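Here is what each chain is made of, one letter per residue.
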Amino acid sequence: MARTTGLARPDGAAPDAPSAVPPRLDGVPAQPRGTTRPAAPGPDPDPVADRVRATLDGVFAAVAATGEETAALLTAAAAEGRRPGREDLAALRPGLHERLGGLVSGIGFVAAPGLLADAPAWLEWWQRGPDGTVRPLLRDLDPEHSAYADYTHWDWYALPRETGRRAVAGPYVDYLCSDEYGLTLSAPVHVDGAFVGVAAADVYLRHFEAAVLPVLQALPVPARLVNARGRVAASTDPAHLAGSLTRGPDFAAVLDGPPAAHHHDGLLLTPCQGTPLVLMTPEAGAVRPRPERLSR
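Everything quoted here is computed from the prediction, not taken from an experiment.

Rules used in this analysis
Residues numbered from 1 in each chain as written. Predicted model: local features only at pLDDT ≥ 70, side-chain atom pairs only at ≥ 80, totals over all residues. Heavy atoms only, no water. Helix = DSSP H or I, 4+ residues; strand = E, 2+ residues; numbered from the N terminus. Contact = heavy atoms within 4.5 Å. Areas by Shrake-Rupley, 256 points an atom, 1.4 Å probe, with all protein chains shown as cover. Core = buried A, V, L, I, M, F, W, Y, C linked by side-chain atoms within 4.5 Å. Buried < 20%, exposed > 50% of the residue type's maximum accessible area, 1.4 Å probe, protein only. Pairing = 2+ DSSP bridges. Axes fitted to C-alpha atoms, helices over the stretch in contact; angles between N-to-C directions. Salt bridge = Lys/Arg side-chain N within 4 Å of Asp/Glu carboxyl O. pLDDT = per-residue confidence, 0-100. Polar contact = N/O pair within 3.5 Å; in protein donor to acceptor, adjacent residues only side chain to side chain.

Here we come to the overall build of the chain. Within the chain one finds 6 helices and 11 strands. The long-range share in the chain, meaning contacts at least 24 apart out of those at least 6 apart in sequence, stands at 58%. Split by element, the accessible area of the chain, about 14,100 Å² in all, is 54% carbon and sulfur.

One broad trend across soluble globular proteins is that nonpolar side chains are buried collectively. With 47 residues, the main nonpolar core has Phe109, Leu185, Phe208, Leu216, Leu225 and Leu277 as its most contacted residues. When sequence neighbours within four positions are dropped, the list of residues in contact with leucine 185 reads Leu56, Val59, Phe60, Val63, Ala167, Val168, Ala199, Ala200, Ala201 and Val203. In terms of nonpolar packing, the next biggest core, distinct from the first, is built from 14 residues, Val110, Leu123, Ala169 and Ala200 among them.

Spatially, S8-S7-S11-S10-S9 is the arrangement adopted by the 5 strands of the open sheet, whose pairing is antiparallel. Two strands in the sheet have a free side with no partner beyond their single neighbour: strand S8 (232–235) and strand S9 (262–264). For this sheet, the mean inter-axis angle between neighbouring strands, taken without regard to orientation, is 25 degrees. Pairing geometry for strand S10 (residues 267–271) and strand S11 (residues 278–282), over 5 bridges, is antiparallel. Counted as the bridge partner of leucine 267 is proline 282 from S11. This element, helix H1 (residues 46–79), spans strand S7 (224–226), S10 and S11 of the sheet and lies at about 40 degrees to S10. Along the sheet, helix H5 (residues 205–218) makes contact with S7, S8 and S11, crossing S8 at roughly 50 degrees.

Scanning the entire structure with this criterion turns up 11 salt bridges. Of the charged contacts, one joins aspartate 88 and arginine 82 as a salt bridge, the two residues approaching to 2.8 Å between their closest N and O atoms. When salt bridges with common partners are traced through the structure, they connect Asp155, Arg161, Glu162 and Arg229 into a single cluster.

This part is about the pairing of strand S1 (residues 106–111). Of all 6 residues that make up S1, 6 are buried, and the element is covered over most of its length. Covered by surrounding structure in S1 are Gly106, Gly108 and Val110 together with Ile107, Phe109 and Ala111, the residues of both alternating faces. Examined bridge by bridge, S1 and strand S2 (residues 123–128) share 5 bridges and lie antiparallel to one another. In the strand pairing of S2, glycine 106 is matched with glutamine 127. Sheet analysis places S1 next to strand S6 (residues 194–204), joined by 6 bridges and oriented antiparallel. If you follow alanine 111 over to S6, its bridge partner there is glycine 197.

When pLDDT is averaged along the chain, the result is 82, and 75% of the positions lie at 70 or above. Within the model, the stretch residues 2–42 combines pLDDT values under 50 with 61 contacts to residues more than four positions away or in other chains. Low pLDDT (under 50) marks residues 292–296, which in the prediction has 1 contact with non-local residues, meaning those over four places away or in another chain.

We now examine the pairing of S10. Burial within S10 is extensive, with 5 of its 5 residues counted as buried. Both faces of S10 are covered, namely the face carrying Leu267, Leu269 and Pro271 and the face carrying Leu268 and Thr270. Strand direction decides the pairing type here: S9 and S10, joined by 3 bridges, are antiparallel. Residue pairing across strands places histidine 262 opposite leucine 269, the latter belonging to S10. Where S10 hands over to S11, the hairpin turn is made up of 6 residues, of which glycine 274 adopts a positive phi near 90 degrees.

Right, let's get into the side chain of arginine 99. Tracing the backbone through its elements, the reader meets arginine 99 in helix H3 (residues 93–99). Residue classification places arginine 99 among the buried positions, given a relative accessible area of 17%. There is a polar contact of 3.1 Å between the side chain of arginine 99 and the side chain of threonine 66. With residues up to four places along the chain from it excluded, the contact list for arginine 99 reads Ala62, Ala65, Thr66, Glu69, Val104 and Ile107.

What follows is about the sheet that holds S6. Backbone-to-backbone hydrogen bonds pair the strands of a sheet. The strands run either parallel or antiparallel. Taking strand neighbours across the sheet as the criterion, the 6 strands line up as S3-S2-S1-S6-S5-S4 in an open arrangement whose pairing is antiparallel. Each of the sheet's edge strands pairs with one partner strand only, and the pair in question is strand S3 (134–136) and strand S4 (167–173). Direction aside, neighbouring strands of the sheet carry axes that sit 20 degrees apart on average. Sheet contacts for H1: S1, S4, strand S5 (181–191) and S6; angle to S5, the most-contacted strand, approximately 35 degrees. Packed onto the sheet, helix H4 (residues 155–163) meets S1, S4, S5 and S6 and runs at close to 135 degrees relative to S6.

Structure follows, in structure tokens:
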């Protein structure tokens, strides 16, 4: 998990409103900006979107298993007529240790403030160090002394809480856990319909890029992956680097909408179904070739 540094958060401004489109002389109905329509012939982004989804499926499976175990522990505490405490969450540790590895560099449960009887805020979080050792995250979460005490505004927490769905946050520098540039994948945890926190996992950006850049580079056009906030997670477009912000399209609406590709201002937006990322490529007719990489 992390907080964004050096990059402005999305300002929440509404996407550009569709502009009026004059009638075409050939009699073909004009399409307003931002609408969904059958894709024009051109590079097929669907296999790339499928590969991205498959790359992160294992991480989200680990997040889901963590959320299910957490909900079961909290339900058991409620059945005993008591509020849960940190010792209840300690029972998650064997499963968290097993899920570390592969793309998962850190994993755990982040409690909603006020959930626990013995701590105002808590992260039951474990990570694998550079030497392979598994270690807990030890942070002072006392609101009087710690800048990390209020984690509720960070995207990896706020997006699942607000939408009720899984999220991909970042990339950003992870000052809270690893000091690495990375992504956080998260999902809400509910008990009896009430939000109690998020289950989440960290992925180093370098590992994610190693997995997805080869398939992006296989496309003959510049391509980038963006999250629901428009933050670029991986890119082969030198004009839109990882960590930059893409404005204009309503990416949250694309992810919430039908699985078909969407069109916006000469761009094809393909949701990676099941994974909250959108693949952006130029439309046919607006295609510009991807710059050749210089060889040394």
